[in-house]
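# Structural overview
What follows is the residue order along each chain.
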Amino acid sequence: MKRKRMIEIVAAIGAIALFLVLILQSITIDPKLHEEYKALIDRQIQTDLKINQSVLKIRYNLLASYDPLVRDVIEEQKIQRELENPPFYLNIEVRKQLKSIVAANNELLHQKIATIEQFKSKNAVLKNSLNYLPKLVNELKIEKLKHSHSLNNIANEMLHDVLLYALSTENTLTPQIKDEIAQLKTITDVKAATAHTKIILETKPDLDRLTRSIIEHPSSGAIQKLATSYETAFNAAQNQASLFRQLANAWLMILGGSVAYLIIQNQKRAKYRTTNILESIKDAFIALDSDWQITYVNPQAAVFLEQDSQFLVSRDLFAVLPPEMGAEHRKRYQTAADRKEVQSFEAQHPATKRWFEIRTYPGMNGMLVFLQDITDRKLAECQLRRLNQELESRVSARTAQLAQSMEAAEEGRVKAEEANRAKSEFLANMSHELRTPLNAIIGYSEILEEDAAEISQEQFIPDLQKIRNSGKHLLGLINDVLDLSKIEAGQMELHLESFDVVSLLKEVAETVQPMVKANENQIGLEIAPSLGTMYSDATKVRQCLLNLLSNATKFTQKGQITLSVEQESIVDIQTGESQSWIWFKIQDTGIGMSAEQIQKVFQAFTQADSSTTRKYGGTGLGLAITKRFSSLMGGDVLVESKLGVGSTFTLMLPQQASNSKTKSQKSPHSSSISIPPNDGHRGTVLVVDDDRSARLFLRRTLSNRGYHVVEAEDGAECLKLAAEISPDFITLDIQMPNMDGWSVLTALKQNPVLAGIPVITITVVEDSELGLALGATEYLVKPINIERLAAILNKYEAHKVIDRT
Amino acid sequence: MNAGLKKLCFWAIATLTCLTVITHCSLSHSFAQHGLTSLGPPPSVSGDRAIEPIPESPVLNSDKVALGKQLFAEPKLSHDNSISCLSCHNLSQGGMDGRQVAKGINGALGNVNVPTVFNSALHFKQFWDGRADTLEEQIDDPVQDPREMGSTWNEVVRKLKADPQYLKQFKNIYQEGVTSDNIKNAIATFELSLNTPNSRFDRFLNGDESALSFEEKEGYKRFQSYGCVSCHQGILLGGNLFQKIGIFGNYMTDRGNITEADYGRFNVTKNEEDKFTFKVPSLRNVELTSPYFHDGSAQTLEKAVIVMMKYQLGREASQEDIDLIIKFLTTLTAQPQGVSP
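Bear in mind that the values here come from a model prediction, so they are computed numbers and not experimental data. Counting from 1, residues in each chain are numbered in the order their sequence is written. Lettering for chains starts from A, numbering for ligands starts from 1, and both go in the order in which the items are written. Given that this is a predicted model, residues contribute local features only at a pLDDT of at least 70 and side-chain atom pairs are listed and counted only at 80 or more, while totals for whole chains, interfaces and linings are drawn from all residues. By convention in this description, side-chain values take in all heavy atoms of the structure and omit both hydrogens and water.

### Here's the deal with the overall build of chain B
What counts is decided by this rule: Labels follow the DSSP assignment, with helices taken as runs of H or I lasting at least four residues and strands as runs of E lasting at least two, numbered in each case from the N terminus. To sort residues, take the accessible area from a 1.4 Å probe on protein chains only and compare it with the maximum for the residue type: under 20% means buried, over 50% means exposed, and anything in between is partly exposed. When checking whether two residues touch, look at their non-hydrogen atoms; a contact exists if any pair is within 4.5 Å. Surface accessibility follows the Shrake-Rupley procedure with a 1.4 Å probe radius. Residue values consider only the protein chains on display as shielding.
If you tally the helices and strands in chain B, you get 13 helices and two strands. Looking at chain B residue by residue over its 341 residues, the buried ones come to 53%. Here the analysis covers contacts within chain B between residues at least 6 apart in sequence; of these, 67% occur between residues at least 24 apart. As displayed, chain B has an accessible area near 15,300 Å², and 54% of this comes from carbon and sulfur atoms.

### Considerations on the environment of A:Ala552
Residues and elements named next belong to chain A. Here Ala552 is to be found in helix H16 (residues 538-554). Of the residues examined, Ala552 reaches a relative accessible area of 3% and is grouped as buried. Between the alpha carbons of Ala552 and Thr648 there is a distance of 8.8 Å; along the sequence they are 96 residues apart. If we skip the residues at most four places from it in the chain, Ala552 touches Ile561, Ile586 and Asp588.

### Quick notes on the interface of chain A and chain B
For clarity, the threshold we go by: Summed over both partners, buried area is the accessible surface (1.4 Å probe) that two parts give up on being assembled. Note on residue categories: nonpolar means Ala, Val, Leu, Ile, Met, Phe, Trp, Tyr, Cys or Pro, charged means Asp, Glu, Lys or Arg, and polar means any other residue, Gly included.
Contacts between chain A and chain B engage 49 residues on the former and 52 residues on the latter. At the boundary of chain A with chain B, total buried surface from both sides reaches about 4,400 Å², with 66% on carbon and sulfur atoms. Counting the surface chain A buries against chain B, the share from its top three residues, A:Asp67, A:Arg71 and A:Asn128, is 13%. Listing elements by their share of the side of chain A that touches chain B, those giving two or more residues are helix H1 (2-26), helix H2 (31-59), helix H3 (67-83), helix H4 (92-143), helix H7 (191-215) and helix H8 (219-280) of chain A. Ranked by residues supplied to the side of chain A that touches chain B, first place goes to H4(A) with 12 residues. When the residues that make up the side of chain A that touches chain B are grouped by side-chain class, the tally is 27 nonpolar, 10 polar and 12 charged.

### Some details on unusual backbone geometry
Going from B:Ser290 to B:Pro291, the amide bond is cis rather than trans, its omega being -5 degrees. With a phi angle near 55 degrees, A:Glu520 is a residue other than glycine that sits in the positive phi range. By the secondary structure assignment, A:Glu520 is in the loop between helix H15 (501-518) and strand S7 (522-527). A positive phi angle, close to 60 degrees, is found at B:Asn285, a residue other than glycine. Take B:Asn285: it is sitting in the loop between strand S2 (277-279) and helix H12 (301-313).

### What about the sheet that holds strand S5 (residues 367-373) of chain A?
Residues and elements named next belong to chain A. So the rule is basically this: Strands pair, by our definition, only if DSSP identifies at least two bridges between them. Only the stretch in contact is used when fitting a helix axis, every axis being a line fitted to C-alpha atoms; angles between N-to-C directions are given from 0 to 180 degrees.
Ordered in space as S2-S1-S5-S4-S3, the five strands form an open sheet in which the pairing is antiparallel. Where the open sheet ends on each side, the last strands, each with one partner, are strand S2 (294-297) and strand S3 (343-348). Neighbouring strand axes in the sheet, compared pairwise and without regard to direction, differ in orientation by 20 degrees on average. Bridge count between strand S4 (residues 355-362) and S5: seven bridges; the pairing is antiparallel. Within S5, the residue paired with Ile358 across the bridge is Leu371. In the packing of helix H12 (residues 330-339) onto the sheet, contacts are made with S3, S4 and S5, and the angle to S3 comes to roughly 160 degrees.

### Quick notes on the packing of helix H5 (residues 149-167) of chain A against H7(A)
All names here are of chain A. Operational definition: When an angle is under 35 degrees it counts as roughly parallel; over 145 it counts as roughly antiparallel; between 65 and 115 it counts as roughly perpendicular; any other value is oblique. Two helices that cross are described as forming a left-handed crossing if the nearer one is turned anticlockwise from the farther one by less than a right angle, and a right-handed crossing if clockwise.
Here H5 crosses H7 at 20 degrees, and the two axes come no closer than 10 Å. Taken together, H5 and H7 sit at an angle that is classed as roughly parallel. H5 and H7 meet at a crossing whose hand is left-handed. Only Thr197, Ile200, Leu201, Lys204 and Pro205 of H7 make contact with H5, whose side of the interface consists of Met158, Val162, Tyr165 and Ala166. Grouping the constituent residues of the contact of H5 with H7 by class yields seven nonpolar, one polar and one charged.

### What to know about the pattern of salt bridges
Counted only if it meets this: Here, a salt bridge means any Lys or Arg side-chain nitrogen found within 4 Å of an Asp or Glu carboxyl oxygen.
Applying the stated criterion to the full structure yields 46 salt bridges over all chains. Among the ionic pairs, A:Glu75 bridges to A:Arg43, the shortest N-O distance being 2.6 Å. A residue pair is termed long-range when its members are at least 10 positions apart, and A:Glu75 in helix H3 and A:Arg43 in helix H2 qualify at 32 residues. Since its relative accessible area comes to 34%, A:Arg43 is described here as partly exposed. Among the salt bridges present, the one from B:Arg284 reaches B:Asp202, with a minimum N-O distance of 2.8 Å. Note that B:Arg284 is positioned in the loop between S2 and H12 and B:Asp202 in helix H8 (residues 200-205), a separation of 82 residues in sequence. The exposure classification of B:Arg284 matches that of B:Asp202, with both residues buried. In this structure, a network of salt bridges that share partners links the residues A:Asp283, A:Glu346, A:Glu357, A:Arg359, A:Arg377, A:Lys378 and A:Glu381.

### Brief notes about H2(A)
Using the following cut-off: A helix is expected to span 1.5 Å for every residue after the first. N or O atoms within 3.5 Å of each other form a polar contact, as long as, within protein, one can give a hydrogen and the other can take it, and as long as residues adjacent in sequence are counted only when both atoms are side-chain atoms.
Over its 29 residues, H2(A) runs 41 Å from end to end, which matches the ideal 42 Å to within 8%, given 1.5 Å per residue. For H2(A), the N-terminal cap is A:Asp30; the gap from its side-chain oxygen to the backbone nitrogen of A:Lys32 is 3.1 Å.

### Here's the deal with the environment of B:Leu135
Counting through the fold element by element, B:Leu135 comes out in helix H4 (residues 135-144). Using a relative accessible area of 0% as the deciding quantity, one classes B:Leu135 as buried.

### Some words on H1(A)
The end-to-end C-alpha distance of H1(A), which contains 25 residues, comes to 36 Å, matching closely the 36 Å that a straight helix rising 1.5 Å per residue would cover. Along H1(A), the residues that are buried comprise A:Ala12, A:Ala15, A:Ile16, A:Phe19, A:Leu22, A:Ile23 and A:Ser26.

### Brief notes about the sheet that holds strand S17 (residues 778-781) of chain A
All names here are of chain A. What the five strands build is an open sheet, ordered S14-S13-S15-S16-S17; its pairing is parallel. Taken across any chain shown, the strands that pair with only one partner, and hence form the sheet edges, are strand S14 (708-712) and S17. Each strand axis lies, on average, 20 degrees off the axis of its neighbour in the sheet, ignoring direction. Direction of pairing for strand S15 (residues 729-733) relative to strand S16 (residues 759-763): parallel, over a ladder of four bridges. Bridge pairing in S16 links Leu732 to Thr761. Those strands touched by helix H22 (residues 741-750) are S15, S16 and S17, and its axis lies near 150 degrees from that of S15.

Any functional reading would require information that these geometric values do not contain.
Right, dumping it as structure tokens:
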């Protein structure tokens, strides 16, 4: 395209250049200059003639002074100089030729002028002598020849002859004059007359020769030759110029024709293009002049208006358009025309019922009107509106329904809770009632056993022992059920007292010793020094520990069971007070649990597997009760386990338990964090969980691994703390009141400052996809697999180190 | 449509441009005008009478005349700033210096008698040997002749350019400012103002019989009858032809000590016939321009008339006639217009 453009431009320039050259060639002849030069030549011819004339006049005494001759000679020299520059419009060759002619003429002129100068000198001399000779002869006659008549005659004849000689062109008188002079010389001294006669005789032929030479000088012919040469050259130049003029005219016509053709082509193309566009568009198009007369309609317009396009052209717009589309909107059209602005409005064709969007575009003179068929859009809009209404009514109906069912549900819940409490109360009462006869059975079977030994009826003893053991087992079961029932019925109470932790531990260890031995296990105690006393419900602590230890012994064969106890001070984030905790950790090398089993392990009436009950016995209520007891005492039980490797249950209890049943832990304002910075820690982890024990567990395990831990108990606090301390990681519980984990996660990721912090979601809800979609870095399921968490933290720590470098 | 319009405009502008260029070209061609001052008798002379009065001086550019007058008196035209045109062409002494031969810088002597600057423009050629056709050509010689001003045009131009007054004056008159051509033009223009019309004799020729005394009229008759007028004719009584000195008898041999300058016109044409030939001097103001002849050998008019009678006219005249002729010659004296006597 660019190249084509270049070629076009070059062609245009070339054409103009050619035209320019032709024009230049055609108007080179300057008539004024030509006239001037021609006049110069004429003047020179005239001047030359005048010079010849003057010379002749002088020769025959018709001019008294040389001034006119001198003036003409100077004039001719001047003209000669001017002739040296032939007009520029002749071509170089011709000019050269003319110049050489002029140069030759100049040479001739110089010759002629030199001759004239000689002529002037000689003429002066001859004139002088011719003037003087008659006087001289007269004086001679008077003074010296008065006595001799013959001599007088000779003198007279000589004078006569000389004068005749001077006038004639013949030299025949010369010998006669010489003879006469010789005769005069013999008689008297005629030196002066002789000298003058001699001058006359010598000068006259010279003068005649010079005169002839001037008159016949070739300069006149040469000037004529110049005139002819110039005339020829000029005619040739003129012919050439007129040829070029004709060529220039022809070329101009060609150029004009080409330009006209190009313009017409262009216009045609533009018109064709416009028409094509207008006819191909789906909109109707109407062009108007300034009097609202239609100048053009495209076929679509004819279709829309149900008229022939021939019919429409040159009609008034408002006469053609139905009033609904035209006259009623006349104000709009007028505005568009007056203000030269685009107007747009919708109107319906009354006959076809079709809707049109009418747009007016003011043109150069008149206006352009587009009609777009928007019937389909209109229909769609109507439909949409109807659907919306329907939807709204449905939604309101559904909302009402929902409210109803919610009420019903609430009612049901209340009823269910009441029923449950009733059940628990019934169970508690029933258990109590069951225990009374059972105690009698156990009591009497013991008595009978002792009696049987006393009366040496040893064969009854094993049976009686079976009765007692069964009774005790049943009692245990009933006690457990009773405990659970009490807990669920809210009737379980704590009996707080101070007791020595170590004594309790020893007592528990002794208690489980037989069971340990039964499965050939080893038990180790790792008790931290100076644990001191604990203020709590000793019975329940004991029961919890027994439960956990008996579980450990039950599921471990020939293994190692370790009970380690530590004390730890933790600053409570709500109160800012330091609180002392006792951690009981029961670790076994037993069969362990799978992740699924771990999830169910604290549920009532379940063991890790239904087969477990059959294989290992037990009610399956132990861990549930332990969990609930620990909760009652303000603590928690956590589990870590690996299938086939072993399990670790951690019972954590506050050293000073409080009896308040309501856990007033929801304080809206969090206090500032005052945990002393742990130098050399591996990073700060913000632990977010509404469950206090879960927070404590994570704090402990992560602190042990060298992390600095900050806790938040709900979403709002999490966001606030995250902004304050910019933690390196966040562990986020999903199921929290007020603001759940997903919302917190979303909020974190929307804050550009916090978005970069890795977030590990920890939840019982199995929905990792949602978590990852919301931007969670990793997804863990409760109960927490600490090793997995540690691995994740390690991984991101490594990333962070890389990032920092 | 738009492209078409653009193209049309393009063509139209191009055509107009080329037409303009062409017109401009054709107008700019014309003959360069010769700046030379034409010499010789004015066109008014008829040649009907042997002697005609000097016509009134032409109207001249007064600025140029003023500048030329200043330059005429400007010693910077000479190499050592000692001599101006005026040194040899004293305007209050008949336009020459009164010496036998010219005296240039460092006391160098010229080889011919200084001709008067008066009426120089009316002479058909300049110098005794007529080697210059124009006044401008004439100026070249004395300025550059080492025996006269001994300078060069470059030097002169440089000296004048150093003078802000000259720079300004030249700029006012000439587009090109100070150049040798413009200096010459200014001086030549001034010289055109040095014609001496309105002598008593001219008034007589114009019909004023009382302009001449009886004796002077008698002298004029002798001047004619003795044949002086055969050479000393025209408005200048000479100055329009060359003539050999010594038609009757050999003037040069009689005088002796022939120098190169004595060959006269021959030095220019190298034509044997032009030996000892000189421009016939004008007799206008002859009273004031002694000594006479190219060699300045005649100290008085009387001597000059006698020598002329002998060598040019081949006769002797009575003392009475000589006196009368001299009386006539004094009637040819006039001051140039604008130059005080």
